[in-house]
Amino acid sequence: MEQDIRYPIGRVQLVEYSDEQRLRCLQEIQALPDLLDYAVQNLDEVQLHTPYREGGWTPNQIVHHLADSHMNAFIRFKLALTEEQPTIKPYDEKQWANTIDVADMPVNVSITLLHALHRRWHKLLTSLTKEDLSRTLYHPEQQRTMTLWTMLLIYAWHGKHHATQIINNYEKH
Ligand code: NI
């Protein structure tokens, strides 16, 4: 099968709950900031602002997108753990990737943010039981309820997905 450059690790697999998969997701959430450190290591300014594919985001936008996305995700977890099936707030990720705090900001600022954020998120996640992960939130754009288990699978995949877009497409100097 020909590989789609947009999906270097494939699409997210929404598998049933297992302790083993849960541990794998937690490891991936914990490892993401270090993986991003590695991904941008030795990229020069030109590479940081060159899209990884035609029409795609630049490494700079990808890194800031991960901070935007995972800040929202962390808040969604907190809401779902403290309220009964909260309705979450969607946002326009494409527009968020084009605001000034992205265009004119070093990637290291968001990687530092992700180091701190993922430390808190991972701490929270390690405390969750299978029952906690069956709690739900409502996504008004997709018009469906989602469990925190599904959210965990999505975001463990999401970080690796974007980091790999950077890792696979730039020659390091
Ligand atoms: Ni994304």
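Analysis parameters
- In this numbering scheme, every chain counts its residues from 1 along its sequence in written order.
- Confidence filtering applies because this is a predicted model: local features only for residues at pLDDT of at least 70, side-chain atom pairs given and counted only at 80 or more, and all residues used for totals across whole chains, interfaces and linings.
- To obtain the side-chain values, all non-hydrogen atoms of the structure were included, while hydrogens and water were left out.
- The rule for a salt bridge is simple: a side-chain nitrogen of Lys or Arg has to be within 4 Å of a carboxyl oxygen of Asp or Glu.
- Runs of E in the DSSP output that reach at least two residues are strands. Runs of H or I that reach at least four are helices, and both are numbered from the N terminus.
- Three labels apply to residues, based on accessible area from a 1.4 Å probe with only protein chains included: buried if under 20% of the type maximum, exposed if over 50%, partly exposed otherwise in between.
- We define a nonpolar core as any set of buried Ala, Val, Leu, Ile, Met, Phe, Trp, Tyr and Cys residues linked to one another through side-chain atoms lying within 4.5 Å.
- By definition in these notes, contact holds between two residues if any of their heavy atoms fall within 4.5 Å.
- In this analysis, axes come from line fits to C-alpha atoms, helices being fitted only over the stretch in contact, and the angle between any two N-to-C directions falls in the range 0 to 180 degrees.
- For classification purposes, an angle smaller than 35 degrees is called roughly parallel, one larger than 145 roughly antiparallel, one from 65 to 115 roughly perpendicular, and anything else oblique.
- Should the near helix be turned counterclockwise from the far one by less than a right angle, the crossing is left-handed, whereas a clockwise turn marks it as right-handed.
- Each residue gets one of three labels, nonpolar for Ala, Val, Leu, Ile, Met, Phe, Trp, Tyr, Cys and Pro, charged for Asp, Glu, Lys and Arg, and polar for the others, Gly among them.
- In this listing, donors mean N, O and S atoms no farther than 2.8 Å from the metal, or 3.2 Å for Na, K and Ca; water is missing from the atoms, so a site can look incomplete.

(A) Summary view of the pattern of salt bridges. Under the defined criterion, the tally for this structure stands at four salt bridges. One salt bridge in this structure joins Glu20 and Arg24, with 3.2 Å as the shortest N-O distance. Residue Glu20 and its partner Arg24 are located together in helix H1 (residues 19-40), separated by four residues, close to a single helical turn. With relative accessibility at 57%, the residue Glu20 sits in the exposed group. A salt bridge links Lys160 to Glu28, with the nearest nitrogen and oxygen atoms 3.2 Å apart. With a gap of 132 residues between them, Lys160 in helix H7 (residues 148-169) and Glu28 in helix H1 connect regions that are remote in the sequence.

(B) Just the nonpolar core, in detail. Leu36, Phe77, Trp121, Leu125 and Leu152 are the most contacted members of the largest nonpolar core, which totals 43 residues. Elements with a contribution of two residues or more to this core: H1, helix H3 (59-82), helix H6 (107-126) and H7. Take this core: its biggest share by element is ten residues, from H7. With sequence-adjacent residues up to four places away left out, Trp121 is seen in contact with Ile29, His70, Ala73, Phe74, Phe77 and Tyr155.

(C) Examining the packing of H1 against H7 more closely. Contact geometry for H1 and H7: axes closest at 9 Å, N-to-C directions at 30 degrees. Overall, the two elements H1 and H7 adopt an arrangement that is roughly parallel. For H1 against H7, the interelement crossing comes out left-handed. Taken together, the residues of H7 that come into contact with H1 (itself represented by Gln21, Arg22, Cys25, Glu28, Ile29, Leu32, Leu35, Leu36, Tyr38 and Ala39) are Trp149, Leu152, Leu153, Tyr155, Ala156, Gly159, Lys160, Ala163, Ile166 and Ile167. For the contact of H1 with H7, the class distribution of residues is 15 nonpolar, two polar and three charged.

(D) Main features of the coordination of the nickel ion. The nickel ion binds to the protein through His65 (NE2), His158 (NE2) and His162 (NE2); the donor distances cover 2.1 Å. Read from N- to C-terminus, the donor residues coordinating the nickel ion fall into the pattern H-x92-H-x3-H. With a gap of 97 residues between them, His65 in helix H3 and His162 in helix H7 connect regions that are remote in the sequence. Neither residue differs from the other here; His65 and His162 are each classed as buried.

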